[in-house]
Amino acid sequence: MSQTDLRDERTLRLGFMPLIDCAPLIAVVRLGLDRKYGLRLQLLRQASWAAIRDKLIAGELDAVHALAGLVHGVETGIGGPRAELAVLMTLNQNGQGISLSTSLADGLAQGTPLRELLANRPHPPVFAQTFPTGTHAMWLNHWLASQGVDPLASIRSVTLPPPLMPEALARGELDGYCAGEPWASAVDVAGGGRRVVRSGEIWPGHPEKVLACRREFATLQPDIAVALTAAVLEACRWMDAPGHRQQVVEWLADRDVIGLPAERIAHCLLPDDTQAPATALRFHGDGLVNVPWLSDGVWFLQQFRRWKLLPAQSSESDEAIVARIHRIETYRQAAEWVGVAVPSVATRPQPQAADDADGAMHKFGASLH
Amino acid sequence: MLHGNMEPTPPLTLPAMLRVLLVNDTEKPIGELRQALLAIGYRVLDDVAAAGALLKAVETQQPDVVIIDVDSPSRDTLEQLAVIHRQAPRPVVMFSADGDNQLIRSVVGAGVTAYVVDGLSSARLAPIIEVALARFEQQTQLRRKLDDVQQQLVDRKLIDRAKGMLMDKRGMSEAEAYAALRQQAMKQGVKLVDVARQIIPIADLLG
């Protein structure tokens, strides 16, 4: 039920959060790609993922920069409202990080297991993430488990706005956090901690942000949904072409976007030779990034069950739930329009949990077997 | 000469000592609600202006209601509380200048209750907060009821199992087995299901 208003149906309001990986949405407007596909996109910065979700559901926004996983949390009604949203495409892979206090980071660097470093404390260690059903919470849990630390029993997990995380770490209020850039590496600047692992090193090629909309919009206005997807897809392709990211740095540094100094933005956005492409932030990967992979959606639902955000089983399969959410057909049409290859099946291998390297049950979290 | 009944209307009955936390971290004048809430008779805790302080305040002061701007950067922190809300339930009242009912309907979900406050008059506020709390209380009661029913089902299964074992090993009829369990429960001053829990694991030892 969208708001009744006087605007042209081809004018769409796009919500985004001030993070490095909002770049494709900034680019689609700056490059005039929206006009190319017969749309007019208005960018509206938001202050929280909850606001992005609620405004999308209510019709104040038409499409949003969203954490992969947020949409699946809304579908299954975890914590907040239950609603029918859709994933049109993936916006980026990788580009996030986990940062720890200096003492923990030093201990790890010396080869002491994290489990030992966190043991025997008067209070449970505190780790922050950006949203309970979001990507950062899942990377954090997955990584802690791989280090032998049970994220449900051995630590306290809190949600904080990422700009507050570096100071909180420096003040000793946090022992670590997982967030997107520029906040994961901001602690390297602020002091008191450092980034110890990039998200692309935990699951190379993990989905990060997606372009989401209301399901009703995707089904009742398919040509506009295809046009929107095509425009953003072309922007993603443009982002990864050599030499383009330098220009984007200035756009993101703008006060109305992220508003941080260009050098900080450049540090997180520009490609760096020390990273393998599979682990580095990327927006296109010749189309492999942008597919709304069904297997990615299933992975999030399984993690929600693993961490007891959902019961061990629902009345229907995870595959059935995800099939409703991920608009494969819309993506195919958009990709054809833009001239991007699509795979024949929309599934790809999922990462194995590092705490069950031999494929046995997860050591931590609810059994999935 | 005065006619008619000129008695004043009795005051609204309001929950006593309702504890309200204001999250005042945007430009919307949430802080101004303080006077209005105090005038109604609510207990208004110290404002918080950041996510960390919000978390701490919810834990240590346990407000009954949290009032927060729709565009507050601290909302995601409250989301976490909604997810673990069985332990720390908190209704959430949204403050939105636009009065968009769609937005409100969309955030009404398990453990999160939202209402628009498009003016700051205390007369509007009181029933809004009451309804938010009533709604939340209803959801909490439903959840508790569901938990009770589930527990009863589990207990029933255990009792049936223990009965079956007595019938099997002691050759009792069902009525006799049930009477034996009940007698044991009365003797020990415990519930039937507790006796069942004693019997089941050791039944094999008894032949």
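Residues numbered from 1 in each chain as written. Chains lettered and ligands numbered in written order. Predicted model: local features only at pLDDT ≥ 70, side-chain atom pairs only at ≥ 80, totals over all residues. Heavy atoms only, no water.

As for the overall build of chain A
What counts is decided by this rule: Under the DSSP-based scheme used, a helix requires at least four consecutive residues in state H or I and a strand at least two consecutive residues in state E, with every element numbered from the N terminus. Both definitions apply: the radius of gyration is a C-alpha atom measure, and the globule rule equals 2.2 Å times residues to the power 0.38. The classification of residues rests on relative accessible area computed with a 1.4 Å probe and restricted to protein chains. Under 20% of the type maximum is buried, over 50% is exposed, and intermediate values are partly exposed. Any two residues having at least one pair of non-hydrogen atoms within 4.5 Å are treated as being in contact. Areas reported as accessible are Shrake-Rupley estimates using a 1.4 Å probe. Residue values count occlusion only from the protein chains shown.
When helices and strands are counted, chain A shows 17 helices and ten strands. A globule of 369 residues ought to have a C-alpha radius of gyration of about 21 Å, and chain A, at 20 Å, matches this closely. Taken along its principal axes, the extent of the C-alpha atoms in chain A is 60 × 50 × 35 Å. Residues classed as buried in chain A amount to 60% of the 369 residues present. Residue pairs at least 24 apart in sequence account for 77% of intrachain contacts in chain A once pairs closer than 6 positions are excluded. Accessible surface for chain A amounts to roughly 14,100 Å². Of this, 51% is attributable to carbon and sulfur atoms.

Thoughts on unusual backbone geometry
Residues and elements named next belong to chain A. Residues E181 and P182 are joined by a peptide bond in cis, for which omega reads 10 degrees. Tracing the sequence through the fold places P182 in the loop between β8 (176-180) and α9 (186-190). One non-glycine residue, K308, adopts positive backbone phi at about 65 degrees. Looking at the element boundaries, K308 is found in the loop between α15 (294-306) and α16 (318-325).

Some details on the sheet that holds strand β9 (residues 193-198) of chain A
All names here are of chain A. To keep things clear, this is the line we draw: Following DSSP output, two strands are said to pair if at least two bridges run between them. Axis angles are defined between N-to-C directions and span 0 to 180 degrees, where every axis is a line fitted to C-alpha atoms and, for a helix, only to the segment in contact.
The five strands lie next to each other as β7-β6-β8-β5-β9, forming an open sheet whose pairing is mixed. Of all strands in the sheet, those with a lone pairing partner are β7 (156-159) and β9, marking the two edges. Strand-to-strand twist in this sheet, taken as the mean axis angle between neighbours without regard to direction, amounts to 25 degrees. Bridge count for strand β5 (residues 96-101) against β9 is five bridges, and the pairing is antiparallel. By the bridge assignment for β9, S99 is matched with R195.

Description of the packing of aromatic side chains
Residues and elements named next belong to chain A. This is how the line gets drawn: Two aromatic rings from Phe, Tyr or Trp, using only the six-membered ring of Trp, form a pair when their centres are within 6.5 Å; if the ring planes differ by under 30 degrees the pair is stacked, by over 60 it is edge-to-face, and anything between is tilted.
Counted under the stated rule, the structure contains seven aromatic pairs over all chains. Ring geometry for W139 and W299: centres 5.6 Å apart, planes at 35 degrees, overall tilted. Taken together, the positions of W139 in helix α7 (residues 135-146) and W299 in helix α15 put the pair 160 residues apart, joining distant regions of the chain. A single burial state applies to W139 and to W299, both of which are buried. Taken together, a centroid distance of 5.8 Å and an interplanar angle of 15 degrees make the contact between W238 and W251 stacked.

Description of the sheet that holds strand β1 (residues 11-16) of chain A
Strand pairing in a sheet takes place through backbone hydrogen bonds and is either antiparallel or parallel in direction. Residues and elements named next belong to chain A. Taken in spatial order, the five strands of this open sheet run β2-β1-β3-β10-β4, and their pairing is mixed. Each having just a single partner strand, β2 (40-45) and β4 (85-90) make up the two edges of the open sheet. With direction set aside, neighbouring strand axes in the sheet form an average angle of 30 degrees. Pairing of β1 with strand β3 (residues 63-67), which is carried by two bridges, proceeds in the parallel orientation. Each residue of the ladder has a partner; that of L14, found in β3, is A63. The strands touched by helix α1 (residues 23-30) within the sheet are β1, β2, β3 and β10 (209-214), with β2 carrying the most contacts at an inclination of about 140 degrees.

Here we look at the side chain of H65(A)
Residue and element names in this part refer to chain A. Here is the rule: Polar contact criterion, stated in full: a pair of N or O atoms within 3.5 Å, where within protein one must be able to donate a hydrogen and the other to accept it, and residues adjacent in sequence count only if both atoms are side-chain atoms.
By the element assignment, H65 lies in strand β3. For H65, a relative accessible area of 0% gives the class buried. Looking at H65, its side chain comes within polar contact range of the main-chain nitrogen of M17, at 3.2 Å. When neighbours within four sequence positions are excluded, H65 is seen to be in contact with G15, F16, M17, L19, D21, C22, L25, W49, I52, L91, K209 and V210.

Let's talk about the confidence of the model for chain B
Residue and element names in this part refer to chain B. Short version of the rule: Scored between 0 and 100, pLDDT is the confidence that the predictor attaches to each residue.
Residue-level pLDDT values for chain B average 74, and 65% of them are 70 or greater. Per-element confidence in chain B ranges from a low mean pLDDT of 51 for helix α4 (residues 101-107) to a high of 95 for helix α6 (residues 174-188). Below a pLDDT of 50 lies the segment residues 108-112, which in the model reaches 19 contacts outside its immediate sequence neighbourhood of four places, other chains included. With a pTM of 0.80, the predicted complex shows an ipTM of 0.91.

Section: the packing of α6(B) against helix α7 (residues 192-202) of chain B
All names here are of chain B. Convention followed: Here the word oblique covers every angle except those under 35 degrees (roughly parallel), over 145 (roughly antiparallel) and from 65 to 115 (roughly perpendicular). Ten residues, namely Ala, Val, Leu, Ile, Met, Phe, Trp, Tyr, Cys and Pro, are considered nonpolar, four, namely Asp, Glu, Lys and Arg, are considered charged, and the remaining ones, Gly among them, are considered polar.
At their nearest, the axes of α6 and α7 sit 8 Å apart, and the two run at 105 degrees to each other. Of the possible angle classes, the one that applies to α6 and α7 is roughly perpendicular. Residues Y178, L181, R182, Q184, A185 and Q188 of α6 pack against L192, V195, Q198 and I199 of α7. Of the residues in the contact of α6 with α7, the class split is six nonpolar, three polar and one charged.

Brief notes about the state of the cysteines
Residues and elements named next belong to chain A. Under the convention used in this document: A pair of cysteine sulfur atoms is labelled a disulfide when the two atoms are within 2.5 Å.
Applying the stated criterion across every chain yields a total of zero disulfides over all chains. Among the cysteines around C22, which has no disulfide bond, C236 carries the closest sulfur, lying 12 Å off. With no disulfide partner, C178 has as its closest neighbouring cysteine sulfur the one in C268, 14 Å distant.

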